[in-house]
Amino acid sequence: MTVLPLERLAAPDPRRQVLRGVNAGERAYRGILTVLAVLLPLLLVALVSELVASAWPAIRRFGLPFLWTSVWDPVAGVFGAAPMIFGTLASSLIALLLAVPLALGVAIFLTEFAPAWLRQPVAFLVELLAAIPSVVYGLWGIFVLIPFLRAYVVPPLRAALGWTPFFDGVFYGNSLLAGGMILAIMIVPYIAAVSREVLLAVPPSQREAAFGMGATRWEAVWTAVVPYGRAGLIGAVILGLGRALGETMAVTMLIGNRHDIGLSVLQPAYTMAAAIANEFSEATTDLYLSALFEVGLVLFVITVVVNAAARLLIWRVARGTAVGSRAL
Amino acid sequence: MSARRVRRRLVSALMTGVVGALSLLAVLALVLILGHLAVKGATSLDWSFFTRNPVPVGESGGGVANAIVGTAIIVGLASLIGLPVGIGAGLYLAEFGSGRLGWIVRFVADVLNGTPSIVVGIFAWTWLVKPMGHFSALAGSVALAVLMVPMLARTTEEMVRLVPHSLREAALALGYPRWRTSLRIVARTALAGIVTGCLVGVARIAGETAPLLFTALGNLNFTTDLMQPMQALSLQIYQYATGPFEEWHRLAWAAAIVLMGLVLLLGVAARWAIRQRHGAAR
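Residues numbered from 1 in each chain as written. Chains lettered and ligands numbered in written order. Predicted model: local features only at pLDDT ≥ 70, side-chain atom pairs only at ≥ 80, totals over all residues. Heavy atoms only, no water.

### With respect to the pattern of salt bridges
As a reminder, the rule being used: The salt bridge criterion pairs a side-chain nitrogen of Lys or Arg with a carboxyl oxygen of Asp or Glu, the two atoms within 4 Å. Secondary structure counts use DSSP, requiring at least four H or I residues in a row for a helix and at least two E residues in a row for a strand, with both numbered from the N terminus. With a 1.4 Å probe rolled over the protein chains alone, any residue whose accessible area is under 20% of its type maximum counts as buried; one over 50% counts as exposed, and the rest are partly exposed.
Within the structure shown, the criterion is met by 11 salt bridges over all chains. The salt bridge partner of Glu247(B) is Arg250(B), with a shortest N-O separation of 3.0 Å. One end of the pair is Glu247(B) and the other is Arg250(B), both in helix H11 (residues 246-281) and 3 residues apart, which spans about a single turn. On the basis of relative accessible area, Glu247(B) is assigned to the partly exposed category, the value being 23%. In the salt-bridge network here, residues are joined through shared partners; they are Arg311(A), Arg106(B), Asp110(B), Arg154(B), Glu157(B) and Arg161(B).

What follows is the structure in C-alpha cells.
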C-alpha cells in the first residue's frame, strides 16, 4: 500500500486545470460573440430613439393630422406629409402592378418550364438586376427611360386612356409613371428570387398528383403548385413592396419632386424618401428639420410593418428553412 | 382528341410562351441597362478621368480621381467596422442563438435589413454629424457599416449552419474545446461562404448613395482626411446626372461604368469564392 504524499493531494488536479483553461476560453469566446450580437438590438434602440427624439417637436406641434394634411410650407412653418405618403404608396403600387406579373412569370418559367441548361444563367441575369446601384438606375432613367416613355409609351397611352383621370395632363418626363417603372425594374429580382425559392419548396407530389389526374403542365402549375405556395408568394410580393417603399435615389431622380396629390401618373409627385433626400440639407429651421425626421419615422414604421408581414408569410410556407434569406 | 383537350393544350402552350416571354423581358431590361452603361460609359472614359480631379464648370476634361479614392476609403473603413461585428453576430446566432436573445437578435437583424437606407443616413447624421458639427467621411462609413452588419449577420449564420454536424461532433469527440471547434473547424469550413457574404455586402454598400448624402456629403477636392467631407462615386453620379451641363452628364456615365465595374468585380469575386468551396468539397 502506497501512501500519497500530502503535497500531491493538495495540488490541484491537472485534469481540472485543463478544464478550467477550456472554460475560460469558452467564456471569452461566448462573451465576445454575445457583445457583438447585442450591438444589433442596441443599434435599433438607438435608431428608433434618435428618430423619435428628433421628430418630437414636429409630432407635438402637428399631432396625428400630420399624416393627412397636404400643406408643406417651410416659410410659414406648416407641415403635412400627405402628398409624400400618397406618392410613396402610389409609386409603389405602380411598381407592384408592373413587377408582380413579370417576377412571377420569371419564377414560374425558371422552376416549371425552362430547360435545365437555361435555369442557372437566366436566374443569374435576373439576380444581377439587384446588383445595379440605385443611383445608376436613376441615371439610366433620366437619359434612357424618360425619353423612351415620351416618344413611344405616353402618346399611345394618352390616345387610348387620356379620357381617364389617370393619364390626364401634360407629360413632363419626371413623373409618377417614370418613378414607378424604375421601381418595378428594381424590385423584380427580389420578388423573383423569393418566389422561385417558394416554388422550389413545393413538394413534387403536388405536381405529380395533378399530372396523374390528367392536368396539362400549365394546369398543374396553376392549380397545384401556385396555390400551395400562395402564402409564400404573397410574402415575396410584400417583400418587394417593402423595397419599393424605402427606395430613395432612383425615385428622387425620376419622380419630379412636387408636393401635390394628383391621380394622373403623367404628373410629378413626391415620396417620403425623396423628400428627405432633397430637403434635409436645405432645412433651415428646427421645425422643418423635425418635420423631415417625422417623415423618416413614418417611413421607418411603414417598412417595418410591411417587412414583418412578408416574413411571417414566408416563414409559414417554409418553416425552419431559410427561404428567401439569400435575396434579403 | 376532343376540342376541349386541344384547347387545354393550347392554353398550356400559350402560357409557357407567356412566362418565357416575361423572363426574356426581365433579362432584356438588364441587357438594356448594362448596354447603355457600356456604350455611353466607355465612350466617355479617358485616362484623365482616373487621374484628375473635377474642373470648374465650363472647362472640359477633368476626372473623378477624388471620388474613386473617396469610395475606396469610405467603403474600406465601413468594412473595417462592419465586417467583424456582422461576422461575430452571425457566429453567435449560429452557435448560441437558440435562446431568447438569439431570437431577438435575429428579429432585429431582419428589421434593420428592411430599413430604408435614407433613414439610416439621417440617423448617422444625428449621431455623428450633428455632435461633431461638420460632415465627415467617418460618418459616411458608419452609416454604411450600419447597413452592412444585419445582412452580414444573417448570411454568416446561414453559412455556418450549413456545416455538417458530423464535423463538429468529430472535433468534440477528439477532445477539442467547443470554442476552438467553433472557430477552427466550423467557421473555417464555412469560410468560403462567409467570404462570399462579405464580398456581396461590400458590393452592396459600395453602390449606396442615400446614406452618404448627409454624412460624407461630397467634396470637389481631393482629400484623404476622414474628418472632412469626402466625395464618393455614387454621390458624384447623383450630382452630375441631375445637373444641367452636357459635360457633367458625360462624366456621370463614365463614373457609373466605373462604379458598376467595381460592384460587378466584387460580385464575380464572391461567385469565385463560393465555387472554391464547392470545388474543395467534392
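### Let's talk about the side chain of Ser234(B)
Stated formally: Under this definition, polar contacts are N or O atom pairs within 3.5 Å; protein pairs additionally need one hydrogen-donor-capable and one acceptor-capable atom, and for neighbouring residues in sequence, both atoms have to be side-chain atoms. Note on contacts: a residue pair is in contact if any heavy atoms of the two residues lie within 4.5 Å.
Within the fold, Ser234(B) resides in helix H10 (residues 233-242). In this structure the side chain of Ser234(B) is engaged in a polar contact, spanning 2.9 Å, whose partner is the backbone oxygen of Glu208(B). Not counting residues up to four positions away in its chain, the partners in contact with Ser234(B) are Val135(A), Gly207(B), Glu208(B), Thr209(B), Leu212(B) and Leu259(B).

### Overview of the packing of helix H3 (residues 82-113) of chain A against helix H8 (residues 217-228) of chain A
Residue and element names in this part refer to chain A. Using the following cut-off: In this description, a line fitted to the C-alpha atoms serves as the axis of each element, helices being fitted only across the stretch in contact, and the angle between N-to-C directions of two axes falls anywhere from 0 to 180 degrees. Working rule for angles: under 35 degrees goes down as roughly parallel, over 145 as roughly antiparallel, 65 to 115 as roughly perpendicular, anything else as oblique. In a left-handed crossing the near helix is turned counterclockwise from the far helix by less than a right angle, and in a right-handed crossing that turn is clockwise. Residues are grouped as follows: Ala, Val, Leu, Ile, Met, Phe, Trp, Tyr, Cys and Pro are nonpolar; Asp, Glu, Lys and Arg are charged; every other residue, Gly included, is polar.
The N-to-C vectors of H3 and H8 enclose an angle of 110 degrees; their axes lie 12 Å apart at closest approach. Classified by the angle their axes make, H3 and H8 are roughly perpendicular. With respect to the hand of their crossing, H3 and H8 are arranged in right-handed fashion. Of H8, the residues touching H3 (which contributes Ile108, Glu112 and Phe113) are Arg217, Trp218, Val221, Val225 and Val226. When its residues are assigned to classes, the contact of H3 with H8 shows 6 nonpolar, no polar and 2 charged.

### What about the domain arrangement of chain B?
All names here are of chain B. For clarity, the cut-off: By convention here, the domain bounds are inherited from an automatic or database domain assignment. Buried area: the sum, over both parts, of the accessible surface (1.4 Å probe) that disappears when the two are put together.
Under the domain assignment used here, chain B contains domain 1 (3-44) and domain 2 (51-281). One C-alpha centre belongs to domain 1, the other to domain 2; they are set 32 Å apart. Across the contact, 8 residues belong to domain 1 and 6 residues belong to domain 2. In this assembly, domain 1 packs against domain 2 so that about 640 Å² is buried in total across both faces, 81% of it on carbon and sulfur atoms. Area buried by domain 1 at its contact with domain 2 is led by Leu37, Lys40 and Ser44, which between them contribute 67% of it.

### A short note on the environment of Ala159(A)
Residues and elements named next belong to chain A. Mapped onto the elements of the fold, Ala159 is located in helix H5 (residues 134-161). For Ala159, a relative accessible area of 68% translates into the label exposed. Remark: the alpha-carbon pair of Ala159 and Val221, spanning 62 residues in sequence, is separated by 37 Å.

### Quick word on the packing of aromatic side chains
Put simply, the rule is: Only Phe, Tyr and Trp rings are paired, with Trp represented by its six-membered ring, and only when their centres lie within 6.5 Å; those with planes under 30 degrees apart are stacked, over 60 edge-to-face, the remainder tilted. A ring has a charge above it when a Lys NZ or an Arg CZ is no more than 6 Å from the ring centre and no more than 35 degrees off the ring normal.
Enumeration according to the criterion identifies 21 aromatic pairs over all chains in this entry. A ring pair is formed by Trp72(A) and Phe79(A), whose centres lie 4.9 Å apart and whose planes are at 75 degrees; its orientation type is edge-to-face. An identical accessibility class is assigned to Trp72(A) and Phe79(A); each is buried. Ring centres 5.0 Å apart and planes at 80 degrees place the aromatic pair Phe245(B) and Trp248(B) in the edge-to-face group. The exposure class of Trp248(B) is partly exposed, given its relative accessible area of 21%. Here a set of aromatic residues connected by ring pairs shows up, and it is made of Phe62(A), Phe66(A), Trp72(A), Phe79(A) and Tyr288(A). The side chain of Arg243(A) reaches across the aromatic face of Tyr190(A), ending 4.5 Å from its centre.

### Observations regarding a nonpolar patch on the surface
Under the convention used in this document: A patch consists of residues whose relative accessible area exceeds 30% and which take part in no salt bridge; residues with like charges are grouped when within 9 Å of each other, and nonpolar side chains (Val, Leu, Ile, Met, Phe, Trp, Tyr) when within 5 Å. Using a 1.4 Å probe, the Shrake-Rupley method yields the accessible areas, and only the shown protein chains count as cover for residues.
A cluster of nonpolar side chains, contributed by Leu64(A), Leu67(A) and Trp68(A), occupies part of the molecular surface with about 350 Å² of accessible area. Inspection of the secondary structure puts Leu64(A) in the loop between helix H2 (14-62) and strand E1 (72-73).

### Comments concerning the interface of chain A and chain B
Contact with chain A, which involves 80 residues of that partner, is made by 78 residues of chain B. Interface area lost by chain A to chain B is led by Tyr29(A), Leu40(A) and Trp218(A), which between them contribute 10%. At the junction of chain A and chain B, the tally comes to 3 salt bridges. Among the salt bridges present, the one from Arg178(B) reaches Glu26(A), with a minimum N-O distance of 4.0 Å. Our count for the contact surface shared by chain A and chain B stands at 7 residue pairs in polar contact (both at pLDDT 80 or more). Broken down by element, the side of chain A that touches chain B gets its largest block of residues, 20 residues, from H2(A). Here the side of chain A that touches chain B is composed, by residue class, of 56 nonpolar, 15 polar and 9 charged.

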